[in-house]
Amino acid sequence: MPVSSSQIKALLDQKRDAFSAFSRAKFELMHAYNRAWIEFTALPHTRQLAQLDSLSGPVGARPLEAIAAEKGILPFFFTESGPMSDRWTNREQSAQWVQTVLEDITTFAVDGSQISPGKDISIPIALLQIGWFENPHSATRPYKKDVRVDLMTPAELGPNPAQPVERRVNIRRFQMEVARLVEYINACQDPERTLVFFDGALVVTFAEAFDQESQTAYVQSILSLLEASDRRRVPLVGYVDTSYARDLTTMLHHVYGLEATEGIHDAQLLARLMEWGDRSAVFQCDRGGVLDQYNDYGNQIAFTYLKTTRDGHPVRLEMPRWMWESGHITQYLNWVRGEVIIGGGYPYSIETADQTAVLQGQDKHIFLRVLQDWADREAINLRLSRKMVSKQRRR
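Residues numbered from 1 in each chain as written. Predicted model: local features only at pLDDT ≥ 70, side-chain atom pairs only at ≥ 80, totals over all residues. Heavy atoms only, no water.

Engineer: When you look at the overall build of the protein in this model, what are you seeing that I'm missing?
Structural biologist: Check the secondary structure of the protein and you find 13 helices and 13 strands. Taken along the three principal axes of its C-alpha coordinates, the protein extends 75 × 65 × 45 Å. Expressed as a percentage of the 395 residues in the protein, the buried residues total 48%. Of the contacts made within the protein by residues no fewer than 6 positions apart, 70% connect residues no fewer than 24 positions apart. Put simply, the protein shows about 20,600 Å² of open surface, and 50% of that area lies on carbon and sulfur atoms. (Helix = DSSP H or I, 4+ residues; strand = E, 2+ residues; numbered from the N terminus. Buried < 20%, exposed > 50% of the residue type's maximum accessible area, 1.4 Å probe, protein only. Contact = heavy atoms within 4.5 Å. Areas by Shrake-Rupley, 256 points an atom, 1.4 Å probe, with all protein chains shown as cover.)

So, in structure tokens, the structure goes:
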């Protein structure tokens, strides 16, 4: 029976006051955090650090950058002599800027996909595929796309109460993606003109919800990536398109004694202060938690927020701290802006790597057919569900 729209409307009317109270409370709290942000960013850099140094334990974020910009936001086209008077007035101008900024700059990204074990197959098995895209942005050098495939066997997927099967598959995929990035960084011929994208956060806070073995797997993988970028000085950006991180709001909570809340995150706080291309100051992530397992890299993750769309929230960019200390942060972020413009609001390299890696329904059909033929040849008892067999016949 279809859901009753009249009953839903009646319930919403009945509970109107609760929703109104929630909205008012969040608005007032957001206003308080906005005031605190503007006050904090107006302080001299030394005062900001002194206030944070007077606190104990992780404080969320520590400013690395001192900028004389209103509300802690660095406008796009900002130069040492001040903001340029004009922004682009048409698409052709932005395309010309991208060509100038990205010419002969190589960008590289990796993504992954998987076919996880299911009830349709009697043997536990998983297929994983990673795909990558290397774009030299050159008239003389072609781009490169390729994939790498792996299988997880019943022994690798076997019973482990602390690690559900799906998590083990996700960990392996994560390790494959990172290993390919590390491999690329180690082989990089021109580090100063290369940008490597990691699709996600370099601070793997999501792993805190898992058992220690899973946490260690994620952390060790990320540490190998950070170490490679640090050693080879290949720029690395962790791109988080939709971020719910609360490092800046946690910092303001500690400094100004504001009510702690999970309902206000950094991107919300900054969104109304930014136009396309603007960015926040650069901060060090001081979150604690999983960062305590990062050893020497626990204080080496920097981040900024970058507005990549006209509307909506800014994205979060995480990077090794050495990139900020290099003095080339504006150049690196312009490379990111250029990739976003090419991709129509999302980095073209990450988008293309995703398209290269993704396993479609037809891929699953091919996988099952090959698996069945192989099992028959090797006299391995493999059974597919009737539903799966029916689907294969229809296709």
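From this point, the narrative continues.
Engineer: What is the right way to look at the packing of aromatic side chains in this model?
Structural biologist: Think of a pair of aromatic rings as described by two things: how far the centres are apart, and how the planes are tilted against each other in angle. Per the counting criterion, the structure on display carries 18 aromatic pairs. One aromatic cluster is present, built from ring pairs that chain together Phe174, Phe198, Phe206, Phe210 and Tyr218. The ring of Trp132 has Arg180 sitting right over it, with the charged end atom 4.2 Å from the ring centre. For the cation-ring pair, Arg316 lies above Phe303, with the distance from its terminal atom to the ring centre recorded as 4.0 Å. (Phe/Tyr/Trp six-rings, centres within 6.5 Å; stacked < 30°, edge-to-face > 60°. Lys NZ or Arg CZ within 6 Å of the ring centre and 35° of its normal.)

Engineer: When you look at the domain arrangement of the protein in this model, what are you seeing that I'm missing?
Structural biologist: In many analyses, interface size is given as the accessible surface area lost on bringing the parts together. Once the domains are mapped, the protein shows domain 1 (38-357) and domain 2 (361-393). With centres defined by C-alpha atoms, the gap from domain 1 to domain 2 works out at 39 Å. Residue-level contacts link 8 residues of domain 1 with 12 residues of domain 2. Between domain 1 and domain 2, roughly 870 Å² of surface is buried when both sides are summed, and carbon and sulfur atoms account for 74% of that area. Between domain 1 and domain 2 we count 0 residue pairs in polar contact (both at pLDDT 80 or more) in total. Considered class by class, the residues forming the side of domain 1 that touches domain 2 number 6 nonpolar, 1 polar and 1 charged. (Domains from an automatic or database assignment. Buried area = accessible area lost by both parts, 1.4 Å probe. Polar contact = N/O pair within 3.5 Å; in protein donor to acceptor, adjacent residues only side chain to side chain. Nonpolar A, V, L, I, M, F, W, Y, C, P; charged D, E, K, R; others polar.)

Engineer: Sorry, what's going on with the pattern of salt bridges here?
Structural biologist: Close approach of charged atoms allows side chains with opposite charge to pair. Within the structure shown, the criterion is met by 17 salt bridges. Arg231 is the salt-bridge partner of Glu227, the closest N and O atoms lying 2.8 Å from each other. Here Glu227 and its partner Arg231 are both found in helix α6 (residues 212-232), 4 residues apart, which amounts to about one turn of the helix. Exposure remark for Arg231: the relative accessible area of 47% places this residue in the partly exposed category. When salt bridges that share partners are traced, they join Asp247, Asp266, Arg287, Arg316 and Glu318 into one network. (Salt bridge = Lys/Arg side-chain N within 4 Å of Asp/Glu carboxyl O.)

Engineer: Can you walk me through the layout of surface pockets in this structure?
Structural biologist: Over the atoms rolls a probe the size of a water molecule, and its path tells where empty space is left. Here the largest pocket is characterised by a volume of approximately 440 Å³. Where the lining of the largest pocket is concerned, the elements lending two or more residues are β5 (106-115), α5 (165-187) and β13 (315-320). Top contributing element to the lining of the largest pocket by residue count: α5, with 4 residues. When grouped by side-chain class, the residues that make up the lining of the largest pocket number 10 nonpolar, 6 polar and 7 charged. (1 Å grid on protein atoms, 1.4 Å probe; cavity = no way out; pocket = protein on both sides within 12 Å on 5 of 7 lines; lining within 4 Å. Points joined across faces, edges and corners; volume = space filled by probe spheres on them.)

Engineer: Can you help me understand the side chain of Arg62 in this one?
Structural biologist: Here Arg62 lies in strand β1 (residues 60-63). Among the polar contacts listed, one links the side chain of Arg62 to the side chain of Asp53, at a separation of 3.2 Å. Not counting chain neighbours up to four residues away, the residues in contact with Arg62 comprise Leu52, Asp53, Gly57, Phe283, Gln284 and Asp286.

Engineer: Explanation requested: helix α12 (residues 361-377) in the structure shown.
Structural biologist: Every α-helix carries 3.6 residues per turn, so stepping three or four residues along brings you back to the same face. With 17 residues, α12 extends 25 Å between its outermost C-alpha atoms, agreeing within 8% with the 24 Å of an ideal straight helix rising 1.5 Å per residue. Positive phi shows up at Ala379, right after α12, with a value of about 55°. (Expected span 1.5 Å × (residues − 1).)

Engineer: What is the right way to look at the nonpolar core in this model?
Structural biologist: A general trend in soluble globular proteins is that nonpolar side chains are found buried together. Formed by 67 residues in total, the largest nonpolar core has its most connected members in Met251 and Tyr294. Ranked by residues supplied to this core, first place goes to α5 with 9 residues. Judged by nonpolar contacts, the second largest core, of 32 residues, contains Val98, Phe133, Leu195 and Leu333. (Core = buried A, V, L, I, M, F, W, Y, C linked by side-chain atoms within 4.5 Å.)

Engineer: Looking at this model, I keep getting lost on a nonpolar patch on the surface. Mind explaining?
Structural biologist: Residues Val3, Ile8 and Leu12 make up a contiguous nonpolar surface patch of roughly 290 Å² in combined accessible area. Here Val3 lies in the segment before α1 (5-14). (Patch = residues over 30% accessible without salt bridge, like charges linked within 9 Å, V, L, I, M, F, W, Y side chains within 5 Å.)

Engineer: Would you take a moment to explain the packing of α5 against α6 for this structure?
Structural biologist: To characterise two packed helices, one gives the angle between the axes of the helices and the distance between these axes. The N-to-C vectors of α5 and α6 enclose an angle of 10°; their axes lie 9 Å apart at closest approach. Considering the angle they form, α5 stands roughly parallel to α6. Residues Arg167, Asn170, Ile171, Phe174, Gln175, Val178, Leu181, Val182, Ile185, Asn186 and Ala187 of α5 form the contact with α6, whose own contacting residues are Ser214, Ala217, Tyr218, Ser221, Ile222, Ser224, Leu225, Ala228, Ser229, Arg231 and Arg232. Tallied by class, the residues present in the contact of α5 with α6 amount to 12 nonpolar, 7 polar and 3 charged. (Axes fitted to C-alpha atoms, helices over the stretch in contact; angles between N-to-C directions. Parallel < 35°, antiparallel > 145°, perpendicular 65-115°, else oblique.)

Engineer: I would appreciate a short explanation of the packing of helix α4 (residues 91-102) against helix α10 (residues 329-342) in the present structure.
Structural biologist: Direction vectors running N to C along α4 and α10 enclose 135°, while the axes themselves pass 9 Å from each other. Taken together, the axes of α4 and α10 are oblique relative to one another. Every pair of crossing elements has a handedness; the one defined by α4 and α10 is left-handed. Every residue of α10 that contacts α4 at Ser94, Trp97, Val98, Val101 and Leu102 is listed here: Asn334, Trp335, Arg337, Gly338, Glu339, Ile341 and Ile342. Looking at the contact of α4 with α10 residue by residue, the class counts come to 7 nonpolar, 3 polar and 2 charged. (Left-handed = near helix turned anticlockwise from the far one by under 90°.)

Engineer: Would you mind showing me how to read the environment of Ala179 here?
Structural biologist: Secondary-structure assignment places Ala179 in helix α5. On a C-alpha basis, the gap between Ala179 and His254 in space is 38 Å, while along the polypeptide they are 75 residues apart.

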